[in-house]
Amino acid sequence: MSFNDIFLIVPNPFLAGLIWVVGIVAIMYFARSPAHLAIISVSRVIHNAMRLTSRAVMGAEDRLNQRNREVLLEQGREAVERIIEREFDRVDGTVRRDLSEYPALHRQLSEEITIIDDDYKESTEVPPEPPAWVKAVDAVAKIPGKDPMVASILEDIHISMVKANTQAIEAYRKSSHKRHEHLKTMMPHWRKVKSVLGQVDKNVTSLLARSTTIDRHMEEYENIISKTDRAVRSLSSSSLTQFFISLLVLAIAIGGAFINFNLIARPMAEMVGGTSEIMGFAINNIAAMVIILVELAMGLFLMETLRITRLFPVIGALNDKVRLRLVWVFFSILLFLALVEAGLAFMREMLMEDDSKVVAALTGTTEGGYADATNSYLWITTVAQMGMGFVLPFALMFVAIPLETFVHSMRTVFGLMGVGTLRAIAWILRLIGNVVRFFSNSLVQIYDLIIFGPLWIERIIKSKHAKDDAATDASSVFLKKGASNEL
Amino acid sequence: MSFRKFILILFAFFLLSCSEQPTGPNNQGVYMLVDTSGTYTKELLQAQKIINFTLSKLNPGDTFAVARVDTGSFSEKDIVYKQFFDDRPSMTNKQKRKFRDVIDKFIKTAKPSSYTDITGGILQAIEYLNEAGTRKKTILIFSDLKEELKKGFVRDIPLQLTGYQVIAVNVTKLRSDNIDPREYLDRLEAWELRVQTGEGEWKVINDLSRLEPIFN
C-alpha cells in the first residue's frame, strides 16, 4: 500500500487533503491538553537530566581541578626543593673552597699587621737629646765682669756647640732616613692586607648573593607549602611554558633522529638484509630504529647516572661508587654505538657510489667516467656523514633533559585540557537543557497555531456563553431585587 | 578502570592493528619472454634496453629471469639467465653486472627460431614465479604477439594468472597489420581477454622511453 493509496481517501486530491487537515486538526484539538502536558513533561525531563549531568560533570571537573592543583604544588615543591638543595650545595662549595682558607688568611693578616706594627714602632721619631754639658754654659755665662778668659772659654764652648749641633743634625738625618726606610717596607704589607681583605669581601659578597637567591626560593617554597593561589598560578604558567619549549626541543631532536635513521638504515641491509618485512616495516629499517632507540636509552641512563635528570629513582638512589661505574658503562656503550654509526655512514656512501655506478652502467653511462667525475669531491660527503654518524648519538643523549621536562609538564597540561573539556561539556549540556526547555514552550505555541481554527470557535462560544450567563445573572438579581421590594 | 588495564587494552589494540600489516618478504619477480622468431631478432637491441632498465629498478631480494620464445618455450632450457638477487645490496650489484654481461652475449649470439610459442613461455614463467614465491609477479612479453605453433603442439590451455601483471612491450606491427589494422587490434584484444580470463592484469607498453609503469 503506497502513500497515495492512504492519502487519497476520495478521488479529488484537494478534497482528500482538506479532509486530512480537518481530521488532524480535530484530533489535535481534542488531544490538546494531554499533548501540552506531554511536551512540557518531556522537555522538563530532558532539561533536568541535562542539568543533573552538567552538575555531575562540573563535580568531576572540580575534582580534577583539585587533583591538578595538588599535583602542580607537589611538582613545584619538588622542583623548588631541588633548586634550594643545589643553592645550598653551591654555598657549601663556596664555604669549602674559600672560607676553609679563612684561618690561614687570618694568620697571614695577623702576621702582616705585626710586621706593620713593628715597622711603625721603628719609624717613630725620637727628638735628639741636648748634650749634658750645655748646663755648664749657663754657669760660665753668669760669671760677672768682662774677663777675657771667660770670653775665650765661651768662644771654645760656642765652637764645641756648633760641632755638637752638626753631629746631632747628622745623627738625626740618619735616624730619619732609617725611619723612612721602615715606612717604605710597610707599603707592600699594606697592599697585601688590602688584597686579603678584598678577597674576604668578595667571598662574603658571593655568599650574601647566594643567600639572597635562597631567600627568594624559600619565599616561593613557603608559598607552595601554604598552597596559595599565587603559587598555583605561577607554577601553572611555568609548566605550560616548559611544556611548549620542551615540545619544540623534542621536535628538533626527532629531526636529528630522523637524519640519523637515514644514515644507517640503508647500510643495515648489508647486515640484516633489506627484503623482509615485519608488520609492514622493512627489517633493516627496524634494525636501524632499534639502534637509535638503544642509543637514546643509553643517553637517558647516562644523564640519569650523572644526576642531570631524575626519571628513574632506582638509578638516582644508587650509591656513588656503583653510579660512577655505571656512568662509564653507559658512556662506553654509547661510544661504541657512535663508532658503529660512523662505520655504517661510511658504508652507506660506498653503497650509494656502487649503486650509482651500476645504474650508470645499465643505462648507458660508462663506469669509469662516472667514477672520475665523483671521486674529486666524494671524500667531503663521506667525512661529513661519518662525523654526523658519530656526533648525533651524543647529541641525542641530551634529549633526556627536555624529555624529563616534557613528561613532568605534560601531566599539568593534560590536566588543564581535561578541566577545559569538562567545563565545555558541562556548558553544552546546560545549553541543550535550556534550549529544550524554551523550545517546548515554542512547540506548545506552534501546536496552538495549528489548531487556531477550533480554538477561535471555542473562544467565540465561550464568550457567548459568558454573555448569556451574565445576562441570566443580571435578570436573576433584578428579579431578586424586585421580589424584595414587593415584600 | 585502572591505568594498568588501560595500557593493556591499548597494547592489545596495537597488536591487532599490527596483525593486518603484511609480514614476510616484500619482493618482486620479473620474468621476461624475448621473442626470437623470424625478423623479430632485429628488435633484440630494444630487448637489451628493457632488460637493463629492469635490472636498474630491481632491489635486493627480487628475482629476474630472461627466457627466449622459440618453437617450444615450455622448457627450462629456454631460460637465458635467471637470478635471485641477494639480500645484501653490494652482492646484488655484483649479480646485476654479471646478468648484464650474460645478456650482452646472448643478444650477440641469438639465432632466429622458426615458430613462436608464447603460451608455452607464459606457462614456464608462471611455474618459475610461483616457485620463486615473490609478492609481486610480472611477466614481460617482448614480442609482436603473433603466436605460431609447430604442428602437434597443444597450447589451448587456460592460464592461471591471479596476482600476475602481464605486460606486452614493443608490440610491433607486422606487414599484414598495415594492410588490415584490425588484425593487430584483434591480436591485442585476444591476448588481453586471455590474460583477464586468467584473472591477470594486462598492459601494453610500446613507448620504450616510458617504461616506469612496469614497476608501478
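Residues numbered from 1 in each chain as written. Chains lettered and ligands numbered in written order. Predicted model: local features only at pLDDT ≥ 70, side-chain atom pairs only at ≥ 80, totals over all residues. Heavy atoms only, no water.

Some thoughts on the overall build of chain A
Logical step 1: Counting its secondary structure elements, chain A contains 13 helices and two strands.
Logical step 2: The buried share of chain A, taken over its 487 residues, is 29%.
Logical step 3: A separation of at least 24 residues holds for 79% of the contacts in chain A among residues at least 6 apart in sequence. (Helix = DSSP H or I, 4+ residues; strand = E, 2+ residues; numbered from the N terminus. Buried < 20%, exposed > 50% of the residue type's maximum accessible area, 1.4 Å probe, protein only. Contact = heavy atoms within 4.5 Å.)

Some points on the interface of chain B and chain A
Logical step 1: Facing 21 residues of chain B, the contacting portion of chain A comprises 19 residues.
Logical step 2: For the pair chain B and chain A, the two sides together bury roughly 1800 Å², of which 52% comes from carbon and sulfur.
Logical step 3: Counting across the interface, chain B meets chain A through one salt bridge.
Logical step 4: Applying the counting criterion to the chain B and chain A interface returns four residue pairs in polar contact (both at pLDDT 80 or more).
Logical step 5: Listed by contribution, the elements that provide at least two residues to the side of chain B that touches chain A are β1 (24-25), α2 (44-57) and α3 (89-109) of chain B.
Logical step 6: Here the side of chain B that touches chain A takes six residues from α3(B), the largest share from any one element.
Logical step 7: Residue composition of the side of chain B that touches chain A, grouped by class: six nonpolar, nine polar and six charged. (Buried area = accessible area lost by both parts, 1.4 Å probe. Salt bridge = Lys/Arg side-chain N within 4 Å of Asp/Glu carboxyl O. Polar contact = N/O pair within 3.5 Å; in protein donor to acceptor, adjacent residues only side chain to side chain. Nonpolar A, V, L, I, M, F, W, Y, C, P; charged D, E, K, R; others polar.)

Looking at the packing of helix α8 (residues 283-305) of chain A against helix α10 (residues 320-362) of chain A
Residues and elements named next belong to chain A.
Logical step 1: It is at 9 Å that the axes of α8 and α10 come closest, and there the two elements cross at 150 degrees. Put simply, α8 runs roughly antiparallel to α10. By crossing handedness, the relation of α8 to α10 is classed as left-handed. Between α8 and α10, the residues in contact are I291, I292, V294, E295, M298, G299, F301, L302 and T305 and R323, L326, V327, F330, F331, I333, L334, L337 and E341, respectively.
Logical step 2: Broken down by class, the residue content of the contact of α8 with α10 amounts to 13 nonpolar, two polar and three charged. (Axes fitted to C-alpha atoms, helices over the stretch in contact; angles between N-to-C directions. Parallel < 35°, antiparallel > 145°, perpendicular 65-115°, else oblique. Left-handed = near helix turned anticlockwise from the far one by under 90°.)

Brief notes about the pattern of salt bridges
Residue and element names in this part refer to chain A.
Logical step 1: Counting across every chain of the model gives 21 salt bridges over all chains.
Logical step 2: The closest approach of N and O atoms between R423 and E61, which form a salt bridge, is 2.8 Å. Taken together, the positions of R423 in helix α12 (residues 400-450) and E61 in helix α3 (residues 32-97) put the pair 362 residues apart, joining distant regions of the chain.
Logical step 3: Using a relative accessible area of 44% as the deciding quantity, one classes R423 as partly exposed.

Some remarks on the confidence of the model for chain B
Residue and element names in this part refer to chain B.
Logical step 1: Here chain B shows a mean pLDDT of 84. Residues at 70 or above account for 88%.
Logical step 2: When the elements of chain B are averaged for pLDDT, helix α1 (residues 3-19) gives the smallest value, 52, and strand β5 (residues 136-142) the largest, 93.
Logical step 3: ipTM for the predicted complex: 0.74, alongside a pTM of 0.63. (pLDDT = per-residue confidence, 0-100.)

Observations regarding the pairing of strand β2 (residues 28-35) of chain B
All names here are of chain B.
Logical step 1: Within β2, eight of the eight residues are buried, which leaves the element mostly enclosed by the surrounding structure.
Logical step 2: Residues Q28, V30, M32 and V34 of β2 are buried on one face, and the alternating residues G29, Y31, L33 and D35, pointing to the opposite face, are buried as well.
Logical step 3: Here β2 pairs with β5 via seven bridges, running parallel. Opposite M32, over in β5, you have L140 as the bridge partner.
Logical step 4: Relative to strand β3 (residues 63-69), β2 is paired through seven bridges, and the arrangement is parallel. Across the sheet, residue M32 finds its bridge partner in β3, namely V66.
Logical step 5: Handedness of the crossover is the feature at issue here: the chain leaves β2, passes through α2, returns alongside β3, and the resulting connection is right-handed. (Pairing = 2+ DSSP bridges. Right-handed = clockwise from strand over helix to strand, strands pointing away.)

Focus: the packing of aromatic side chains
Logical step 1: Inspection of every chain in the model, using the stated rule, returns 13 aromatic pairs over all chains.
Logical step 2: For the pair F301(A) and F312(A), a centre-to-centre distance of 5.4 Å together with 55 degrees between the ring planes defines the contact as tilted. With a gap of 11 residues between them, F301(A) in helix α8 and F312(A) in the loop between α8 and α9 (313-316) connect regions that are remote in the sequence.
Logical step 3: The exposure class of F301(A) is partly exposed, given its relative accessible area of 25%.
Logical step 4: Owing to a relative accessible area of 33%, F312(A) belongs among the partly exposed residues under this scheme.
Logical step 5: Ring centres of F64(B) and F99(B) lie 5.0 Å apart, and the angle between their planes is 10 degrees; this geometry places the pair in the stacked category. Within this pair, whereas F64(B) is found in strand β3, its partner F99(B) is found in helix α3, the two being separated by 35 residues in sequence. Across the pair, exposure class does not vary: F64(B) and F99(B) are buried alike.
Logical step 6: Just above the ring of F438(A) sits the side chain of R437(A); from NZ or CZ to the centre is 5.8 Å. (Phe/Tyr/Trp six-rings, centres within 6.5 Å; stacked < 30°, edge-to-face > 60°. Lys NZ or Arg CZ within 6 Å of the ring centre and 35° of its normal.)

Topic: the confidence of the model for chain A
Detailed conclusions should not be drawn from predicted coordinates in areas where pLDDT is low.
Logical step 1: Summing up the model confidence of chain A, the mean pLDDT is 85 and the portion of residues at 70 or higher is 93%.
Logical step 2: Under a pLDDT of 50 for its full length, residues 367-371 of chain A has, in the predicted model, eight contacts with residues more than four places off or in other chains.

Focus on the environment of N260(A)
Residues and elements named next belong to chain A.
Logical step 1: Locating N260 in the fold gives a position in helix α7 (residues 229-272).
Logical step 2: Take N260: its relative accessible area is 0%, and that puts it in the buried class.
Logical step 3: Distance from N260 to L392, taken between C-alpha atoms, is 6.7 Å for residues 132 residues apart in sequence.
Logical step 4: With near-sequence residues (within four places) excluded, N260 lies in contact with I292, E295, E341, L392, P393 and L396.

Quick notes on α2(B)
Logical step 1: Spanning 14 residues, α2(B) covers 20 Å between terminal C-alpha atoms, matching the ideal 20 Å at 1.5 Å per step.
Logical step 2: All of the buried residues along α2(B) are L44(B), A47(B), Q48(B), I50(B), I51(B), N52(B), F53(B), T54(B), L55(B) and S56(B). (Expected span 1.5 Å × (residues − 1).)

Details of the environment of E199(B)
All names here are of chain B.
Logical step 1: Along the chain, E199 turns up in the loop between α6 (181-197) and β7 (201-205).
Logical step 2: On the basis of relative accessibility, which here comes to 56%, the residue E199 falls in the exposed class.
Logical step 3: Distance in space between the C-alpha atoms of E199 and Q165 is 9.6 Å, their sequence separation being 34 residues.
Logical step 4: Ignoring sequence-local partners within four residues, the contact set of E199 consists of L161, T162 and G163.

Points about unusual backbone geometry
Logical step 1: Not every positive phi belongs to a glycine, and R307(A) is a case in point at roughly 60 degrees.
Logical step 2: Among the structural elements, R307(A) can be located in the loop between α8 and α9.
Logical step 3: Backbone geometry at E199(B) places phi at a positive 65 degrees, although glycine is not the residue there.

Quick word on the side chain of D354(A)
Logical step 1: Within the fold, D354(A) resides in helix α10.
Logical step 2: Note on D354(A): relative accessible area 18%, which makes it buried.
Logical step 3: The residues contacting D354(A), other than those within four sequence positions of it, are S90(B), N93(B) and R97(B).

Points about a nonpolar patch on the surface
Residues and elements named next belong to chain A.
Logical step 1: On the surface, a cluster of nonpolar side chains totalling about 840 Å² of accessible area is made up of I6, I9, F14, L15, L18, I19, W20, V22 and I24.
Logical step 2: Here the nonpolar patch takes seven residues from helix α2 (residues 13-30), the largest share from any one element.
Logical step 3: Looking at the element boundaries, V22 is found in helix α2.
Logical step 4: Of the residues examined, V22 reaches a relative accessible area of 52% and is grouped as exposed. (Patch = residues over 30% accessible without salt bridge, like charges linked within 9 Å, V, L, I, M, F, W, Y side chains within 5 Å. Areas by Shrake-Rupley, 256 points an atom, 1.4 Å probe, with all protein chains shown as cover.)

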